[in-house]
Every structure is written in C-alpha cells, then in structure tokens.
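Descriptive structure summary
Here is what each chain is made of, one letter per residue.
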Amino acid sequence: MSSAPETGQTDLETMEVDTVSAEFGGPSTQEWTVVPKIDETSIELLSKPPIERFIGILDQLDSKVEKLRKEALMLQEKKDFLAMSMDLLRNNEYLTGLNEGEYEEINCYVQRISGRLATVELSVCTVRDRAQEDSLHMVNSFIDEIISNSDAILSRLRCQQFLNACSTTDTTTYTELDPSMCSDKKFENALLGCTLDDQKTIKKRLQALLDYLIKQTVVH
C-alpha cells in the first residue's frame, strides 16, 4: 500500500518558482525597477490639463536624472581617490628600502590592482569650453607634482597652499608670517578658470591628499 503524501511540507517547499532574481533583470524592490515607472495616476496630475500633466511627469524624470548624476559623480570621486592612492603608493619612499624581489612583488601587485581599477569606466560629462579644459589640465598637473614629490613635508605645504586657494578667505597677509596660511597664486589662477563643479571636485581631492600627507609627516 502506498503511503499517503506528506502534508507537513509548506507551499514554499513544494511550489515551483519560475522567476528571475533582480540582479539578472528580474523584479526589483528597489526604487529603480526594470520596468520604466512614471507616476501619472496621482489625483493632482489627473486634475490638470494635458500639457501640465506632461510637464509634471517630466519633472519627475528630471529629478531622477539629477539624482543619478550625483550618484555617478560620487562613484567617479571614489575611483579618483583610489587612483590617487595607487600613485602615492608608487612614489612612497619606503619602497626604496625593499630588495629587488620584494620591490618586484609589490610593483606587480600595484599593477594588478591598477588594471582592475581601469576596468571600471565612469563618465559624467561636465560641459567645458577650451579655456576650462586647459585650466583643469593645469590644475591636475600641479596636483600630480605633489603626488610624485618624495619630500612629504614640502608636499604637505604645497597641498595646504593649494587648498587655501579653494577658500574665499584673503590669505595675502599671511605670506611672510606663515607660508602654510597663504595660497599658491599660480594654482589659484588655474583653479578660477575651471567650472564650479570641477572646483568642488578639486577641493575634495586636495583635502583627501592633505589628510594623507599629514599622516605621513606625523609618522616621520
């Protein structure tokens, strides 16, 4: 005699599920769903003329696009900070104390991480004219000089002066009293030629670099 089917199993144990997880394109519970979502059912929108309803819907989309840009910019900043960390490590003076085998091992590891970082491609376009492009290039060159300088104390001083140039405070009176309180005028002129978005990013980059250099000089 055949035994009766077990009744202790739950629906989840016996039910066949034919769905795809969110990470492979299936339904998502997050704000960003696979299916485009436009809220045009609100009472407020339905009570308005068609043109105002369309404008209301476009306002929703515009806010989502702006949010996406901000999130992408944050990711771009994180990538830039990681790249800067790799450059600082490459120029760390303690690498000279390693023997040839150790140096080669560290160098290969750095190259491998840099290669993985390079596979992450992020692009948030900032509209710049030719003069703004040239100014940004000049600013990046100034910062690269700090990163490649083996003198941590001098690098810290220059980084502080660059960061001072990002401030609206007049620092001209500090030149003779305390060099760390003044700003670098060449850097400041190049910075002022950049877009406002670039200026904000540059300031964050300099602050992160200065925090690192302060730790380095304290260790020394």
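The structure displayed is predicted, hence computed values, not measured ones.

Overview of the overall build of the protein
Helix and strand counts for the protein stand at 8 helices and 0 strands. Starting at the N terminus and ending at the C terminus, the protein contains elements arranged as α-α-α-α-α-α-α-α. By the burial criterion, 23% of the 220 residues in the protein qualify as buried. Pairs at least 24 apart in sequence give 61% of the contacts found in the protein among residues at least 6 apart. Of the accessible surface of the protein, which amounts to about 16400 Å², a share of 57% is contributed by carbon and sulfur atoms.

Let's talk about the state of the cysteines
The term disulfide refers to a covalent linkage connecting the sulfur atoms of a pair of cysteines. This model, assessed by the stated rule, comprises 0 disulfides. Cysteine C159 is unpaired, with the sulfur of C166 as its nearest cysteine sulfur at 9.2 Å.

Looking at the packing of helix α5 (residues 130-148) against helix α7 (residues 185-192)
For the pair α5 and α7, interaxial distance at closest approach is 8 Å and the crossing angle is 145°. For the crossing formed where α5 meets α7, the hand is left-handed. Every residue of α7 that contacts α5 at S135, M138, V139, F142 and I143 is listed here: K186, F187, A190 and L191. Broken down by class, the residue content of the contact of α5 with α7 amounts to 7 nonpolar, 1 polar and 1 charged.

Points about the side chain of N164
Inspection of the secondary structure assignment puts N164 in helix α6 (residues 152-165). Residue classification places N164 among the buried positions, given a relative accessible area of 13%.

Observations regarding the nonpolar core
It is characteristic of soluble globular proteins that their nonpolar side chains tend to be buried jointly. Grouped together as the largest cluster of nonpolar side chains are 22 residues, with contacts concentrated most on V139, I143, C159, F187, I202, L206 and L209. Elements that contribute at least two residues to this core include exactly α3 (50-90), α5, α6, α7 and α8 (196-219). In terms of residue count, α5 provides more of this core than any other element does, 6 residues in total. Those residues within four positions of L206 in sequence are excluded, and the remaining contacts are I143, C159, F162, L163, C166 and F187.

Conventions we followed
- Residues numbered from 1 in each chain as written.
- Predicted model: local features only at pLDDT ≥ 70, side-chain atom pairs only at ≥ 80, totals over all residues.
- Heavy atoms only, no water.
- Helix = DSSP H or I, 4+ residues; strand = E, 2+ residues; numbered from the N terminus.
- Buried < 20%, exposed > 50% of the residue type's maximum accessible area, 1.4 Å probe, protein only.
- Contact = heavy atoms within 4.5 Å.
- Areas by Shrake-Rupley, 256 points an atom, 1.4 Å probe, with all protein chains shown as cover.
- Disulfide = S-S within 2.5 Å.
- Axes fitted to C-alpha atoms, helices over the stretch in contact; angles between N-to-C directions.
- Left-handed = near helix turned anticlockwise from the far one by under 90°.
- Nonpolar A, V, L, I, M, F, W, Y, C, P; charged D, E, K, R; others polar.
- Core = buried A, V, L, I, M, F, W, Y, C linked by side-chain atoms within 4.5 Å.

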